[in-house]
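Examining the three-dimensional arrangement
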Amino acid sequence: MFEDPFENSANSLIAPSSDCFAITPNDLQDLTKATKAIYIGSGGDLTVRPVGSNADVTFRNVIGGSILDVRVRAVRETGTTSFDIVGLV
């Protein structure tokens, strides 16, 4: 039987992620929910729109297997060469 000893714990920005989802970069649409962090499976550049910004930012030469502690509302196709991107929430 599955047990979650943390099910009654408060979720916060410093708490570990409790869910994740695959991200397909898109220039026109935002994500369905903001992330706590982004996992990069295959390295390269990553262009995102942070939650608190109206401008895109590009992280250059992100190493595959990295987790970027950044809250984003969009991952853009233009400027992104990374693959296997996962949103952590």
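Please refer to the structure placed before this passage.
Rules and cut-offs
Residues numbered from 1 in each chain as written. Predicted model: local features only at pLDDT ≥ 70, side-chain atom pairs only at ≥ 80, totals over all residues. Heavy atoms only, no water. Helix = DSSP H or I, 4+ residues; strand = E, 2+ residues; numbered from the N terminus. Contact = heavy atoms within 4.5 Å. Buried < 20%, exposed > 50% of the residue type's maximum accessible area, 1.4 Å probe, protein only. Pairing = 2+ DSSP bridges. Axes fitted to C-alpha atoms, helices over the stretch in contact; angles between N-to-C directions. Polar contact = N/O pair within 3.5 Å; in protein donor to acceptor, adjacent residues only side chain to side chain.

Attention shifts here to the environment of G64. For G64, the location among the structural elements is in the loop between strand 4 (57-62) and strand 5 (66-68). Measuring from C-alpha to C-alpha, the distance between G64 and D19 comes to 20 Å, with 45 residues separating the pair along the chain. Dropping the residues within four chain positions of it, G64 is found in contact with I40, G41, S42 and G43.

The next point concerns the environment of L13. Here L13 is to be found in the segment before strand 1 (20-23). Taking relative accessible area as the criterion, L13 reaches 57% and is therefore assigned exposed. Residues L13 and R76 lie 63 residues apart in sequence; the distance between their C-alpha atoms is 23 Å. Residue contacts for L13: discarding those within four places in its chain leaves K36 and R71.

If you trace the four strands from one edge of the open sheet to the other, you get 1-7-2-5, paired in antiparallel fashion. Edge positions in the open sheet fall to strand 1 and strand 5, since each of these has one partner strand only. Each strand of the sheet is rotated relative to its neighbour by a mean of 25°, with strand direction disregarded. Of the pairings in the sheet, the one linking strand 2 (residues 37-42) to strand 7 (residues 83-88) comprises five bridges and is antiparallel in character. Among the inter-strand pairings, I38 is bridged to a residue of strand 7, identified as G87.

Within the secondary structure layout, S82 lies in the loop between strand 6 (72-76) and strand 7. Within the local environment of S82, its side chain forms a polar contact with the backbone oxygen of G44, the two atoms lying 3.4 Å apart. One polar contact links the side chain of S82 to the main-chain carbonyl oxygen of D45, over a distance of 3.0 Å. Excluding residues within four positions of it along the chain, S82 makes contact with I40, S42, G43, G44, D45 and L46.

Everything listed here is a matter of coordinates, which is why it stays silent on function.
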